[in-house]
Amino acid sequence: MKTSLLKKWWIWVLAIVGVFLFVSLLNPADDHADTRPASSASKKTTASSKPASDDQKVHAVGEAAVINGVELKVNKVDKSASENAGFSTPKTGNQYYQVNVTLTNKGAKEINYNPLDFKIKAGGNMTDFDEFAVDDDNRLETGSLTKGGTVTGNIVAQAPTDGTVELIYTPSFFSEKHLTFKLQ
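The model shown is predicted, which means the values in this text are computed figures rather than measured ones.

Participant: Hey, could you go over the overall build of the protein for me, with residue numbers and the actual values?
Facilitator: Scanning the protein from N- to C-terminus turns up one helix and eleven strands. Along the protein, helices and strands appear, N-terminal first, in the series α-β-β-β-β-β-β-β-β-β-β-β. The 184 residues of the protein split such that 35% are buried. Counted over contacts in the protein with a minimum sequence separation of 6, partners at least 24 positions apart contribute 68%.

Structure, rendered in structure tokens:
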């Protein structure tokens, strides 16, 4: 006697386990990690003096911030990057922003990093840091950091020469949490 495929109990168990795995991938546990500034991550705060979390604050160049166990520091911004430095000519009204960043794994798990985790925001438009200088030996590549690991490199994008320009770092594709650094 043959039974239909839907009446076999083990198929239902596999389907339920598959759904749970899919949901857990969409909501990683690291989303609830410490998002306070690196300088105050170990300080206790009272309920009346609760500071804004890093994913809601705009940081300055030279300041470090932590999100999902990753510390990000924007070391410097070179807005004078020109064709002479290995770049092509930017669009009319734009200039290149070469941003030197340092990522440090402050968490217990290995983390992945990618230049596409960064966006440049100007005038309501966000674009990737997908430009590069031909002679830049310090370009940030794709890789992984183990606990305590650090990497420093340059990312390059173009944006308008005037107005507010910000770097947006989103370490997880599955989360809306991000860090914001004012570049101009």
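Participant: I'd like a rundown of the sheet that holds strand β10 (residues 165–169), residues and numbers included.
Facilitator: Taken together, the five strands give an open sheet; going across it, the order is β1-β11-β10-β6-β7, and neighbouring strands pair in mixed fashion. The open sheet has two edge strands with one neighbour each: β1 (58–59) and β7 (125–128).

Participant: Help me get a handle on the packing of aromatic side chains, residues and values and all.
Facilitator: Counting across every chain of the model gives one aromatic pair. When the ring of Phe 118 is compared with that of Tyr 169, the centres are 4.9 Å apart and the planes differ by 35 degrees; the resulting orientation is tilted. Taken together, the positions of Phe 118 in strand β6 (residues 118–122) and Tyr 169 in strand β10 put the pair 51 residues apart, joining distant regions of the chain. For the pair shown, Phe 118 and Tyr 169 are each scored as buried.

Participant: Run through the pattern of salt bridges, naming residues and quoting values.
Facilitator: For the coordinates displayed, the defined rule picks out three salt bridges. Note that Glu 63 is salt-bridged to Lys 57, the shortest N-O span being 3.1 Å. For Glu 63, a relative accessible area of 24% puts it in the partly exposed group. A salt bridge links Glu 141 to Arg 139, with the nearest nitrogen and oxygen atoms 3.2 Å apart. Among the residues examined, Glu 141 registers a relative accessible area of 44% and is labelled partly exposed.

Participant: Lay out the sheet that holds strand β3 (residues 70–78) in plain terms, naming residues and giving numbers.
Facilitator: Working definition: the strands of a sheet are paired by backbone hydrogen bonds and lie parallel or antiparallel to each other. Pairing in this open sheet of four strands is antiparallel, and the strands run β2-β3-β4-β9 from one edge to the other. Looking at the sheet topology across the chains shown, the edges are occupied by β2 (64–67) and β9 (150–160). Across the sheet, the axes of successive neighbouring strands diverge by a mean angle of 30 degrees, strand direction being ignored.

Participant: Run through the layout of surface pockets, naming residues and quoting values.
Facilitator: Rolled over the atoms, a probe with the dimensions of a water molecule shows which regions are left empty. The calculated volume of the second largest pocket comes to roughly 200 Å³. Together, 13 residues line the second largest pocket, and Asn 94, Asn 125, Thr 127, Gln 158 and Ala 159 are the ones closest to its centre. Elements with a contribution of two residues or more to the lining of the second largest pocket: β6, β7 and β9. Of the residues belonging to the lining of the second largest pocket, the class tally is five nonpolar, four polar and four charged.

Participant: Break down the nonpolar core for me, with residues and values.
Facilitator: Among the nonpolar cores identified, the biggest contains 27 residues, and Phe 118 and Leu 167 are the most heavily contacted of them. Elements supplying a minimum of two residues to this core: β2, β3, β4 (94–105), β5 (111–113), β6, β9, β10 and β11 (179–182). Apart from the residues within four sequence positions on either side, Phe 118 is in contact with Leu 72, Val 101, Leu 103, Asp 128, Phe 129, Leu 140, Ile 155, Leu 167, Ile 168 and Tyr 169.

Participant: Account for the confidence of the model for the protein, with residues named and values stated.
Facilitator: Chain-level statistics for the protein give a pLDDT mean of 74 and a share of 68% at 70 or above. Looking over the protein, one finds the lowest element-wise mean pLDDT in helix α1 (residues 9–26), namely 71, and the highest in strand β8 (residues 143–145), namely 91. Counted against residues more than four places away or in other chains, residues 29–37, with its pLDDT under 50, gives 28 contacts. A low-confidence stretch, residues 40–50 stays under pLDDT 50, and its non-local contacts, those more than four residues away or across chains, total four contacts.

The rules behind each value
Residues numbered from 1 in each chain as written. Predicted model: local features only at pLDDT ≥ 70, side-chain atom pairs only at ≥ 80, totals over all residues. Heavy atoms only, no water. Helix = DSSP H or I, 4+ residues; strand = E, 2+ residues; numbered from the N terminus. Buried < 20%, exposed > 50% of the residue type's maximum accessible area, 1.4 Å probe, protein only. Contact = heavy atoms within 4.5 Å. Pairing = 2+ DSSP bridges. Phe/Tyr/Trp six-rings, centres within 6.5 Å; stacked < 30°, edge-to-face > 60°. Salt bridge = Lys/Arg side-chain N within 4 Å of Asp/Glu carboxyl O. Axes fitted to C-alpha atoms, helices over the stretch in contact; angles between N-to-C directions. 1 Å grid on protein atoms, 1.4 Å probe; cavity = no way out; pocket = protein on both sides within 12 Å on 5 of 7 lines; lining within 4 Å. Points joined across faces, edges and corners; volume = space filled by probe spheres on them. Nonpolar A, V, L, I, M, F, W, Y, C, P; charged D, E, K, R; others polar. Core = buried A, V, L, I, M, F, W, Y, C linked by side-chain atoms within 4.5 Å. pLDDT = per-residue confidence, 0-100.

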